[in-house]
Amino acid sequence: MPNSEDTAASEPRPRPLISVEGLARRFPEPRGKGELTVFDNVWFTVDPGEFVCIIGHSGCGKSTILNILAGLDRPSDGVVIVSGEAIEGPSLDRAVIFQSHALMPWMTALANVELGVSSRHKDWSRSQVRDHAMKYLELVELKGSELKKPAQLSGGMRQRVGIARALAIEPKIMLMDEPFSALDALTRGSLQDEVLAIRAKTHQTTFMITHDIDEALLLADRILLMTNGPKARIAEIVDNTLPENRKRADVHRHANYYPLRNHLIDFLVARSRELAGGAGGAFDPRHPPVVHPAAGKPTTAGSTPGKPIAASSSSAA
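Residues numbered from 1 in each chain as written. Predicted model: local features only at pLDDT ≥ 70, side-chain atom pairs only at ≥ 80, totals over all residues. Heavy atoms only, no water.

Participant: Please explain the overall build of the protein chain as it appears in this structure.
Facilitator: Per the secondary structure count, the protein chain includes eight helices and 11 strands. Burial status across the protein chain gives 48% buried among its 317 residues. Carbon and sulfur atoms make up 52% of the accessible area of the protein chain, which amounts to about 15,400 Å² in all. (Helix = DSSP H or I, 4+ residues; strand = E, 2+ residues; numbered from the N terminus. Buried < 20%, exposed > 50% of the residue type's maximum accessible area, 1.4 Å probe, protein only. Areas by Shrake-Rupley, 256 points an atom, 1.4 Å probe, with all protein chains shown as cover.)

Participant: Would you mind going over the packing of aromatic side chains with me for this structure?
Facilitator: Two measures describe an aromatic ring pair: the distance that separates the ring centres and the angle between the ring planes. In total, this model carries two aromatic pairs according to the counting rule given. A centroid spacing of 5.6 Å and a plane angle of 5° characterise the contact between Phe-44 and Phe-207, whose relative ring orientation is stacked. In this pair, Phe-44 sits in strand 2 (residues 35–46) while Phe-207 sits in strand 8 (residues 205–209), placing the two residues 163 residues apart along the sequence. Here Phe-44 matches Phe-207 in class, with each residue buried. (Phe/Tyr/Trp six-rings, centres within 6.5 Å; stacked < 30°, edge-to-face > 60°.)

Participant: Quick question: what am I supposed to make of the sheet that holds strand 7 (residues 173–177) here?
Facilitator: As a general point, the strands of a sheet are linked pairwise by backbone hydrogen bonds and lie either parallel or antiparallel. A sheet is described by the order of its strands in space; here seven strands give the open sequence 6-7-8-3-9-10-11, paired in mixed fashion. Both outer strands of the open sheet, strand 6 (94–97) and strand 11 (290–291), are each paired with one neighbouring strand and no more. Judged from the four bridges that link them, strand 3 (residues 51–55) and strand 8 form a sheet pairing that is parallel. Along strand 8, the bridge assignment pairs Ile-54 with Ile-209. Set on the sheet, helix 5 (residues 155–168) makes contact with strand 6 and strand 7; between it and strand 6 the angle comes to about 175°. (Pairing = 2+ DSSP bridges. Contact = heavy atoms within 4.5 Å. Axes fitted to C-alpha atoms, helices over the stretch in contact; angles between N-to-C directions.)

Participant: What is the right way to look at the confidence of the model for the protein chain in this model?
Facilitator: Predicted coordinates in areas of low pLDDT are best not read in detail. When pLDDT is averaged along the protein chain, the result is 86, and 88% of the positions lie at 70 or above. The low-confidence segment residues 1–9 (pLDDT under 50) makes one contact with residues lying over four places distant or belonging to another chain. With pLDDT under 50 throughout, residues 300–313 is counted as low confidence; its partners more than four residues away or in other chains account for 26 contacts. (pLDDT = per-residue confidence, 0-100.)

Participant: Please clarify how the pairing of strand 7 should be interpreted in this entry.
Facilitator: Residues in a regular strand point their side chains to alternate faces of the sheet. Counting buried positions along strand 7 yields five of five residues, so the element is predominantly enclosed. Side chains Ile-173, Leu-175 and Asp-177 project from strand 7 onto one buried face, and the interleaved Met-174 and Met-176 project onto a second face that is buried too. Note that strand 6 and strand 7 share four bridges and pair parallel. If you follow Ile-97 over to strand 7, its bridge partner there is Met-176. Note: strand 7 against strand 8, five bridges, orientation parallel. If you follow Leu-175 over to strand 8, its bridge partner there is Phe-207. The β-α-β motif built from strand 7, the intervening helix 6 (residues 185–202) and the parallel element strand 8 has right-handed crossover chirality. (Right-handed = clockwise from strand over helix to strand, strands pointing away.)

See the structure below:
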């Protein structure tokens, strides 16, 4: 009789909501000396309801990939297909949360969210727009602060308004560009908990850039690892082997936590540089290796299962 892993492996994957195919982005070199290829031949997918994080050092093109997904930039080569159609520009089906909250400073928190709702539902009455906006402000626990302007809110509360505004337009895809990087550790942890709670309620499909390894382990179903630029690529896809119902307070106690964390640190410290520019032997960019770091299984050279690797930070540079 097949075990649960065999059964899961035999089940067909859902049709991807996002399909990134052969993506490349090049920019002119200074003083007209040819072109700089930031990343090249990037392939990956995101399934409906999946939370995918991408990690890599600065300069590998993570934010450029997100901007292409958002329709704010165009690739030099390749295509991004969403729901069976190629992206041609921005869409309300793809909401973006940036590092900065990007709120209108003269508007209240409620008015900022209403702005997004009214752009999605142009035929709604004012009361419908307000009720819908309040629903999402309550979801991010900002009831009672809806009439405050951004200057009257803390940094974490401003980001909550940004999250509420993005969720309120009910997009198919949430794109997050290091939305918590500028916040202090306590506020960042609190917002990570909010994201976990919201995801449990909404099953929102999410693509997120982060430099924080622990944030990726807490939030993501899969983690895409990019080599250093130029000519960066997806070198590996890490399946998160932690339980789905993980919590920030106790995630580090799970047996697979350190094998996963060690694997990511080892990649960022050494292998992202070693594999840069296409090095590393035979490699099919359409099918990057998929790994499942777990206790008792072999890991990348330099990583010892169950024992933490010494590192100065859990974040990529």
